[in-house]
Structures are given as C-alpha cells and as structure tokens.
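Structural characterization, general
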Amino acid sequence: TREVRLCGHATLAAGHVVLTHREPARERVAFRTREAGVLGVVRTPDGYAMSLPADIARVGSDDDAAALGEALGVAVDTVLWGIDDAVAVVGSPDRVRGCAPDPRRLAALTIGGRTVRGVGITAHDGDDRIVSRAFYPAYG
C-alpha cells in the first residue's frame, strides 16, 4: 500500500537489465530515487556492486529486546535499530526459522519511543552466511 524509501534488490535488478541488455558497453549506471538519493550499480569481475546509503544502527535496550521477542515469538539477544527498522539478532538459525511473529504486535511496536516500520530477524549460520527473515505489517 506504500512505496518504500529504498528497494535495493529491485535497484540491483534494474542495474543488471541496463548493463546487460540495454547498454552492455556501460560499466556503471546511477538511479536517482525520490527518497534515498542516487544509487549506483557498477559491473565488477564477479557480477555487480551497488552503493547504498548508510543507516547507522544503534543498540536497543534489554526492554526493547524483550518487547521485540514477544512480538516475534522467540527470544531476542540484541536489537539494532536505525531510521525506520529494527533488527533482532538471535543466537541460532533455528530461532530465525522457528519464529512465529504476531503481525498486530509488530505493527504496534515502538523502540526507543519510535514506531517501527519493519522488523528483521537474523542469525549467523557459519562462515560468511546468515539466515534472515523480514516483516513489515506496520507498513501496509
């Protein structure tokens, strides 16, 4: 029901289309967005790289972790929150996969006195891998 401020996967896909199908001689393309500024996609030896604006995460309190854990239906170790979203960091991929979010609680969630647009939950899954899920019931 709303346009998101930034949609990275769609921007990366659009960059692929331009650099592969529309203008294959180009090495880079930039997209001017309404709210996120200019996002660039550049061809690399391994595929593509994309520039993204930084959202500096702040660590939430133990009370924030408890409230988010209740809304997600799983124990939360740490909460990181930025401009619009919160990320629950949990101790295992099984906790990510097994969470049972309550959409009404997530839609009403506030962290640090601010309404949370969306919630991610993530855990380390060995080497350089993570397991993540995302929920945005407050965003329509």
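Residues numbered from 1 in each chain as written. Predicted model: local features only at pLDDT ≥ 70, side-chain atom pairs only at ≥ 80, totals over all residues. Heavy atoms only, no water.

**Details of the pattern of salt bridges**
Side chains carrying opposite charge are able to pair once their charged atoms draw close together. Definition in use: For this analysis, a salt bridge means a side-chain nitrogen from Lys or Arg found within 4 Å of a carboxyl oxygen belonging to Asp or Glu. Secondary structure elements are taken from DSSP: a helix is a run of H or I of four residues or more, a strand is a run of E of two residues or more, and numbering for both begins at the N terminus. The classification of residues rests on relative accessible area computed with a 1.4 Å probe and restricted to protein chains. Under 20% of the type maximum is buried, over 50% is exposed, and intermediate values are partly exposed.
Under the defined criterion, the tally for this structure stands at seven salt bridges. Among the salt bridges present, the one from Asp77 reaches Arg95, with a minimum N-O distance of 3.2 Å. Of this pair, Asp77 sits in the loop between helix H2 (62-72) and strand E5 (78-81) while Arg95 sits in helix H3 (residues 93-98); the two residues are 18 residues apart in sequence, bridging distant segments of the chain. Assessed through its relative accessible area of 24%, Arg95 is described here as partly exposed.

**Notes on the confidence of the model for the protein**
To be explicit about the condition: For every residue, the predictor states its confidence as a pLDDT score lying anywhere from 0 to 100.
Here the protein averages 90 in pLDDT, and 99% of its residues register 70 or above. When mean pLDDT is compared element by element in the protein, H3 scores highest at 96, while strand E7 (residues 110-111) scores lowest at 75.

**What to know about the nonpolar core**
Our working definition: The criterion is simple. A nonpolar core is a set of buried Ala, Val, Leu, Ile, Met, Phe, Trp, Tyr and Cys residues joined through side-chain atoms within 4.5 Å. It only takes one pair of heavy atoms within 4.5 Å for two residues to be counted as in contact.
Ranked by internal contacts, the top residues of the largest apolar core, which has 22 residues, are Leu68, Leu72, Val79, Ile111 and Ile121. Sorting the residues of this core by element identifies H2, E5, strand E6 (85-89), strand E9 (118-124) and strand E10 (130-135) as the ones contributing at least two each. Here this core takes four residues from H2, the largest share from any one element. In contact with Ile121, not counting residues within four places along its chain, are Leu72, Val74, Ala88, Val90, Arg95, Val96, Cys99, Val131, Ser132, Arg133 and Phe135.

**Details of the sheet that holds strand E2 (residues 38-44)**
Each strand in a sheet pairs with another by means of backbone hydrogen bonds, the pair being arranged parallel or else antiparallel. What counts is decided by this rule: A pair of strands is treated as paired once DSSP finds two or more bridges between them. An axis is simply a line fitted to the C-alpha atoms; with a helix, the fit covers only the stretch in contact. Between two such axes, the angle follows the N-to-C directions and lies from 0 to 180 degrees.
Strand order in this open sheet of three strands is E1-E2-E3, and the pairing throughout is antiparallel. The open sheet is flanked by strand E1 (28-32) and strand E3 (47-50), the only strands paired with a single partner. Each strand axis lies, on average, 20 degrees off the axis of its neighbour in the sheet, ignoring direction. As defined by bridge partners, E1 adjoins E2 across five bridges and the pair is classed as antiparallel. Pairing of Phe31 across the sheet is with Leu39, part of E2. Of the strands in this sheet, E1, E2 and E3 are in contact with helix H1 (residues 8-22), which crosses E1 at around 135 degrees.

**Examining H1**
In an α-helix there are 3.6 residues to a turn, and that puts residues three or four apart on one side. Worth spelling out the cut-off: One less than the residue count of a helix, multiplied by 1.5 Å, gives the span that helix is expected to have. Directions are taken from the helix axis to each C-beta atom, and the arc is the one they span.
The end-to-end C-alpha distance of H1, which contains 15 residues, comes to 20 Å, matching closely the 21 Å that a straight helix rising 1.5 Å per residue would cover. Along H1, the positions that sit buried rather than exposed are Thr11, Gly15, Val18 and Leu19. Buried residues in H1, looked at end-on, bunch into an arc of 85 degrees, giving them a common side. Facing away from the buried surface of H1 by more than 90 degrees, the exposed residues are His9 and His21. Where H1 is buried, its residues meet E1, E2 and E3.

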